[in-house]
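Here is how the chains run, residue by residue.
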Amino acid sequence: MRHDRPLINSSVPHSARIWNYWLGGKDCYEIDRQVGDEIRKVNPEIVDIARAQRAFLRRTVTHLTTEVGIRQFLDVGTGLPTLDNTHEVAQRIAPDARIVYVDHDPVVLAHATALLNSTPEGATAYVDADLRDPDVILRSAADTLDFEKPIALVMLGIAAHVPDDGVYGIVGQLLDALPSGSHLVFCDSTEVFQPEAMRAMIERWNEASDNPRTNRTPEQLARFFDGLDLLDPGLLSVAQWRPEPVDAHLPTEVDSFGAVARKP
């Protein structure tokens, strides 16, 4: 773990805390609730996106653990702990699962102990690193994960924080380090169903936050899966990826597209 991050500033809105607020969490300050409400006014869909993305995480991790036999997860950009974190979903099915969380947010670091509550048979670890530092991520993750065995790389809503095309090389470097049989679980924001609201959300977010974002087209998101084998039903709105009855209350058309793919 790195501990040279700045202290938490409760007077400046932060993306992880805003996202936590939308998910119904309490790990946020008044400024986060204020900005979160302002964003929700210009894009009411954002709460549905947050909840649909969380359900997507639950379904994909369940599938990979149950059907594929994955026992290792590298969750980059994990955000604040909330319901059904990756290790909770995986270890309910496979107590020996090993999970490494990665985030560079001092807020997440402060709550990392909640992410380290592993089963005795498995393991969880937290790496304090930025997505832009893939070498640090891989080197630190190797303390917990066996890179000779398949690993699921989980990246939900994190690539949007690297607005230029350099993000493709970063994700590619992470995938290159994983063995055959590994999987990518990925989703990010689009402008397919509510383009004006999604653009307004990004504008307001970037005005208020210290961690700017961008939206990408489905075609741009598809590039992250180049060279991988997409699992059915492919790249589509996360709410449409193998929905379950428990998620019936969520809209099926949300502007977050995602997929799961296998590395040959």
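The preceding data block contains the structure.
Everything numeric here is computed off the predicted structure, so don't read it as measured data.

Caption draft 1: Spotlight on the packing of helix H3 (residues 46-68) against helix H4 (residues 86-93). In contact at an axis separation of 9 Å, H3 and H4 are set at 35° when each is read in the N-to-C sense. Between H3 and H4 lies a crossing of right-handed hand. For the pair H3 and H4, contact is made by Leu57, Arg58, Val61, Thr62, Thr65 and Thr66 and by Thr86, Val89, Ala90 and Ile93, respectively. Residue classes in the contact of H3 with H4 are distributed as five nonpolar, four polar and one charged.

Caption draft 2: Seen up close, helix H7 (residues 166-176). Taken as a whole, H7 has its buried residues at Val167, Tyr168, Ile170, Val171, Leu174 and Leu175. Down the axis, H7 shows its buried residues gathered within 160° of arc, on one side only. In this fold, the buried residues of H7 make contact with helix H6 (134-141), strand S4 (152-156), strand S5 (183-189) and helix H9 (218-222).

Caption draft 3: Broad picture of the nonpolar core. Trp22 and Phe73 are the most contacted members of the largest nonpolar core, which totals 49 residues. Considering each element in turn, this core owes the most residues, ten residues, to H3. Non-local contacts of Trp22, meaning those with residues more than four positions away in its chain, are made with Gly36, Ile39, Ile46, Val47, Ala50, Arg51 and Trp205. With 36 residues, the next largest nonpolar core counts Val100, Val102, Val127 and Ile137 among its residues.

Caption draft 4: Summary view of unusual backbone geometry. In this structure, the amide linkage connecting Asp232 to the following residue, Pro233, adopts the cis form with an omega of 5°. Tracing the sequence through the fold places Pro233 in the loop between strand S6 (229-230) and strand S7 (236-237). Positive phi is not limited to glycine here, since Arg242 has a value of about 45°.

Caption draft 5: Representation of the packing of aromatic side chains in the model. In this structure the tally under the stated criterion is five aromatic pairs. Centroid distance Phe186 to Phe225: 5.9 Å. Interplanar angle 85°. Geometry classified as edge-to-face. Of this pair, Phe186 sits in strand S5 while Phe225 sits in the loop between H9 and S6, and the two are 39 residues apart along the sequence. Owing to a relative accessible area of 5%, Phe225 belongs among the buried residues under this scheme. Taking the centre distance of 6.0 Å and the plane angle of 35° together, the rings of Phe193 and Phe257 count as tilted. Note that Phe193 is positioned in the loop between S5 and helix H8 (195-208) and Phe257 in strand S8 (residues 256-262), a separation of 64 residues in sequence. The exposure class of Phe193 is partly exposed, given its relative accessible area of 26%. Judged by its relative accessible area of 9%, Phe257 is buried. An aromatic cluster is present here, built from Tyr168, Phe186, Phe224 and Phe225 joined pairwise through their rings. A cation over a ring is seen here: Arg213 above Trp205, with NZ or CZ 5.5 Å from the ring centre.

Caption draft 6: Region of the structure containing the environment of Leu156. Of note, Leu156 is situated in strand S4. Since its relative accessible area comes to 12%, Leu156 is described here as buried. Distance in space between the C-alpha atoms of Leu156 and Gln53 is 7.5 Å, their sequence separation being 103 residues. Once residues lying within four places of it in the same chain are set aside, the contact partners of Leu156 are Gln53, Phe56, Leu57, Val76, Gly77, Val185, Phe186 and Cys187.

Caption draft 7: Fine view of empty space enclosed by the protein. Summed over the entire model, instances satisfying the criterion amount to two cavities of 30 Å³ or more. Considering only enclosed or pocket space, the second largest cavity measures out at about 90 Å³ in volume. As for the second largest cavity, its lining consists of 13 residues, and the residues nearest its centre are Gly77, His104, Asp130, Leu131 and Ile158. Of the residues belonging to the lining of the second largest cavity, the class tally is six nonpolar, four polar and three charged.

Caption draft 8: Structural view of the environment of Ser256. Inspection of the secondary structure puts Ser256 in strand S8. Take Ser256: its relative accessible area is 1%, and that puts it in the buried class. As a C-alpha pair, Ser256 and Ala160 span 96 residues in sequence and 11 Å in three-dimensional space. Those residues in contact with Ser256 that lie beyond four places of it in its chain are Ile49, Gln53, Cys187, Asp188, Ser189, Thr190, Leu236, Ser237 and Val238.

Cut-offs applied
Residues numbered from 1 in each chain as written. Predicted model: local features only at pLDDT ≥ 70, side-chain atom pairs only at ≥ 80, totals over all residues. Heavy atoms only, no water. Axes fitted to C-alpha atoms, helices over the stretch in contact; angles between N-to-C directions. Helix = DSSP H or I, 4+ residues; strand = E, 2+ residues; numbered from the N terminus. Left-handed = near helix turned anticlockwise from the far one by under 90°. Contact = heavy atoms within 4.5 Å. Nonpolar A, V, L, I, M, F, W, Y, C, P; charged D, E, K, R; others polar. Buried < 20%, exposed > 50% of the residue type's maximum accessible area, 1.4 Å probe, protein only. Arc of directions from axis to C-beta. Core = buried A, V, L, I, M, F, W, Y, C linked by side-chain atoms within 4.5 Å. Phe/Tyr/Trp six-rings, centres within 6.5 Å; stacked < 30°, edge-to-face > 60°. Lys NZ or Arg CZ within 6 Å of the ring centre and 35° of its normal. 1 Å grid on protein atoms, 1.4 Å probe; cavity = no way out; pocket = protein on both sides within 12 Å on 5 of 7 lines; lining within 4 Å. Points joined across faces, edges and corners; volume = space filled by probe spheres on them.

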